[in-house]
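Structural features, examined
Next come the chains, spelled out residue by residue.
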Amino acid sequence: MDEQISPYGKNPIGNTGKVRIRHLQEMKERGKKWTMLTSYDMYTATIFEEAGIPVLLVGDSAANNVFGYDSSLPVTVDELLPLVRAVTRSTKRSLVIADLPFGSYQGSPEECFHTAARFMKEGGAHAVKLEGGREMLPQVKKLASSGIPVMAHIGFTPQAEHQLGGYRVQGKEDEGRQLVELAKAFETAGAFALLIEMVPAAVGAAITKAVNIPTVGIGAGNGCDAQVLVWQDMAGLRQGSLPRFVKQYANMNALLHKAAADFAAEVEGGTFPGNEHSF
Ligand SMILES: Nc1nc(=O)c2c([nH]1)NC[C@@H]1CN(c3ccc(C(=O)N[C@@H](CCC(=O)O)C(=O)O)cc3)CN21
Ligand SMILES: CC(C)C(=O)C(=O)O
Ligand SMILES: [Mg+2]
């Protein structure tokens, strides 16, 4: 791979979070787009890193994509920590971001610092992500001034679904300008990047132009510096109706279903295990 266009830059294996973050910043400055995927375990972390995904997010979306809850709200720090540990243990070059779950940081900057420090110390994360508006500026300042890189998640923030009235596009009309101001405020507070979820493409592009830090979009149009998807959506593991922003790059659900059904059929039919699988 050409070093100039490598998603990891010229960075050596085993470098620090700061080196990885600086490279994301440089890609913005050069107009080179990059990607982030969620990851919650060893195999996906290894595969995505090898595939050239420079940022892995251990999302609170583990709630509905790993643990079987029907929203992001119930998942806890104690549930997410082992997943963060699995991903950091399994990777050498990708930046690993731990998503702070609902109820673990909104109370105060001190609570936020305590939770983020657990993800750094016990999980080995390089950075954390939190959701919110201006009320989260003190949290971002506290982390940024305490040596914890923080990504701010704006627009549609799933942890606030009950206040936002469900899964709805944010930042229409006048709210779009307010989101640009919010983005600038998070940059000033010390966020190293922004995640922008479900806003009109024009708003995603306007925010990306208005700030110097990288923007990662999900349902925020083609004007962001980077894109993120939940991996089970991207790989077609999740079935049923999907958000408009999802593109399925594989049909893993059908693939796994067939593998499991073939295994069952061969065992039931007496053809597995064969001699080659026996001692
Ligand atoms: N598998 C998965 N993918 C995700 O993107 C995701 C999660 N889980 N869990 C946490 C949050 C929840 N997210 C969601 C959930 C639903 C919609 C949704 O239903 N969107 C509709 C309505 C948009 C509108 O018309 O306003 C869509 O069509 O996109 C969007 C984001 C994003 N996150
Ligand atoms: C929707 C993405 C960006 C997220 O926050 C998560 O996966 O938890
Ligand atoms: Mg999340």
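Residues numbered from 1 in each chain as written. Chains lettered and ligands numbered in written order. Predicted model: local features only at pLDDT ≥ 70, side-chain atom pairs only at ≥ 80, totals over all residues. Heavy atoms only, no water.

1. Remarks on the domain arrangement of the protein
Note the following rule: Domain borders in the structure are assigned automatically or taken from a domain database.
Examined at the domain level, the protein breaks down into domain 1 (4–248) and domain 2 (252–279). Distance from the C-alpha centre of domain 1 to the C-alpha centre of domain 2: 39 Å.

2. Description of the site of ligand 1
As a reminder of what qualifies: By convention in these notes, a residue is near a molecule or strand provided one of its non-hydrogen atoms lies within 4 Å of it. Counted as a polar contact is a pair of N or O atoms within 3.5 Å, where, for protein atoms, one must be capable of donating a hydrogen and the other of accepting one, and residues adjacent in sequence contribute only when both atoms are in side chains. To measure how exposed things are, a 1.4 Å probe is used in the Shrake-Rupley method; for residues, cover is taken only from the protein chains shown. In this count, Pro and Cys sit with the nonpolar residues alongside Ala, Val, Leu, Ile, Met, Phe, Trp and Tyr, while Asp, Glu, Lys and Arg are called charged and the others, Gly among them, polar.
Neighbouring ligand 1 are 17 residues, the closest being Asn65, Val169, Glu197, Asp233 and Arg244. In this structure, a nitrogen atom belonging to ligand 1 sits 3.0 Å away from a side-chain N or O atom of Asn64. Within the contact set of ligand 1, a nitrogen atom lies 2.6 Å away from a side-chain nitrogen or oxygen of Asp233. Taken by itself ligand 1 offers 660 Å² of open surface, and the protein chains cover 76% of this. Partitioned by chemical class, the residues of the shell around ligand 1 number eight nonpolar, four polar and five charged.

3. So, the UniProt feature "binding site: 3-methyl-2-oxobutanoate" (unreviewed entry) in the protein
Our working definition: UniProt positions are given in the numbering used here, feature names are shortened, and annotations may be inferred rather than shown by experiment. Per the convention used, a helix needs a DSSP run of H or I reaching at least four residues, while a strand needs a run of E reaching at least two, with both numbered from the N terminus. Buried, partly exposed and exposed residues are distinguished by accessible area as a fraction of the type maximum, computed with a 1.4 Å probe on protein chains only: under 20%, between the cut-offs, and over 50%, respectively. It only takes one pair of heavy atoms within 4.5 Å for two residues to be counted as in contact.
UniProt's feature table lists "binding site: 3-methyl-2-oxobutanoate" (unreviewed entry) at Asp60, Ser61, Asp99 and Lys129, given in the numbering used throughout. The greatest C-alpha distance among the annotated residues, which extend across 70 residues, is 12.4 Å, indicating that they converge on a single site. Among the secondary structure elements, Asp60 is positioned in the loop between β2 (55–58) and α3 (62–65). Judged by its relative accessible area of 5%, Asp60 falls in the buried class. Not counting residues within four places of it along the chain, the set of residues in contact with Asp60 comprises Ser72, Val75, Leu80, Asp99, Pro101, Glu131 and Gln159. Structurally, Lys129 is set in strand β4 (residues 127–131). Taking the relative accessible area as the measure of exposure, Lys129 reaches 2% and is therefore buried. Among residues more than four places away in sequence, those in contact with Lys129 are Leu57, Ile97, Ala98, Asp99, Leu100, Met151, His153 and Leu195. Of note is the side chain of Lys129, whose polar atom sits 2.8 Å from the side chain of Asp99.

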